[in-house]
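The lines below spell out each chain.
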Amino acid sequence: MENEQNKKLTYEEALRRFNVAKNRKKVYFASIQEDLKKAYKERTGDDVVYSETW
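Chains are numbered independently. Their residues run from 1 in the order of the written sequence. Whole-chain, interface and lining totals are the exception, using all residues; otherwise, since this is a predicted model, local features are given only for residues with pLDDT of at least 70 and side-chain atom pairs are given and counted only at 80 or more. In computing side-chain properties, one takes all heavy atoms of the structure into account and sets aside hydrogens as well as water.

1. Digging into the overall build of the chain
Summing up its helical and strand segments, the chain has 1 helix and 0 strands in all. Considering the chain as a whole, with its 54 residues, one finds that 0% of them fall into the buried category. Each accessible area is a Shrake-Rupley estimate made with a 1.4 Å probe; only the visible protein chains count as cover when residues are assessed. When the accessible surface of the chain is split by element, carbon and sulfur atoms take 54% of a total near 5,600 Å². Numbering of helices and strands runs from the N terminus; a helix is a DSSP stretch of H or I covering at least four residues, while a strand is a stretch of E covering at least two. To sort residues, take the accessible area from a 1.4 Å probe on protein chains only and compare it with the maximum for the residue type: under 20% means buried, over 50% means exposed, and anything in between is partly exposed.

Structure follows, in structure tokens:
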């Protein structure tokens, strides 16, 4: 029986996993950015003019 941890990834599987992680990160950062915008609005009463996330 082959151990799952030692199994070699194919290019397609590696690309699929990369894209899943990339999309998950995009959704996570959008969620954080919305929370930060709400907190800023509550704290100052002004809308956010510019925010940088990478």
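Having put the structure on the table, let's press on.
2. Looking at the packing of aromatic side chains
Aromatic rings in a pair are described by how distant their centres are and how their planes are angled relative to each other. Working definition: a ring pair exists when centres of Phe, Tyr or Trp rings (six-membered ring for Trp) sit within 6.5 Å. Plane angles under 30 degrees give stacked, over 60 give edge-to-face, the rest tilted. In the structure shown here, the tally under the stated rule is 1 aromatic pair. Seen from their ring centres, Y28 and F29 are 6.1 Å apart, and the 70 degrees between their planes marks the pair as edge-to-face. Overall, Y28 belongs to the exposed group, its relative accessible area being 52%.

3. A closer look at helix α1 (residues 11-44)
A turn of α-helix holds 3.6 residues, and therefore any two residues three or four places apart point the same way. For α1, built from 34 residues, the straight-helix expectation of 50 Å at 1.5 Å per residue is met to within 8% by its first-to-last C-alpha distance of 49 Å. Among the residues trailing α1, G45 stands out with phi positive, at a value near 85 degrees. The length a helix should cover is 1.5 Å for every residue beyond the first.

4. Describing a nonpolar patch on the surface
Nonpolar side chains (Val, Leu, Ile, Met, Phe, Trp, Tyr) are joined into patches within 5 Å and like charges within 9 Å, using only residues with over 30% relative accessible area and no salt bridge. Salt-bridge detection follows one rule: a side-chain nitrogen of Lys or Arg within 4 Å of a carboxyl oxygen of Asp or Glu. A surface patch of nonpolar side chains, about 360 Å² in accessible area, is lined by Y11, L15 and F18. If you trace the backbone, F18 turns up in helix α1. Take F18: its relative accessible area is 51%, and that puts it in the exposed class.

5. Regarding the pattern of salt bridges
This structure, assessed with the given rule, holds 2 salt bridges. For R16, the salt bridge identified is with E13, shortest N-O distance 2.7 Å. Placement of the pair is R16 and E13 together in helix α1, with a separation of 3 residues, close to one helical turn. The shortest N-O distance in the salt bridge between D47 and K41 comes to 2.9 Å. D47 gets classed as exposed once you look at its relative accessible area, which sits at 55%. By relative accessible area, which is 40% here, K41 ends up partly exposed.

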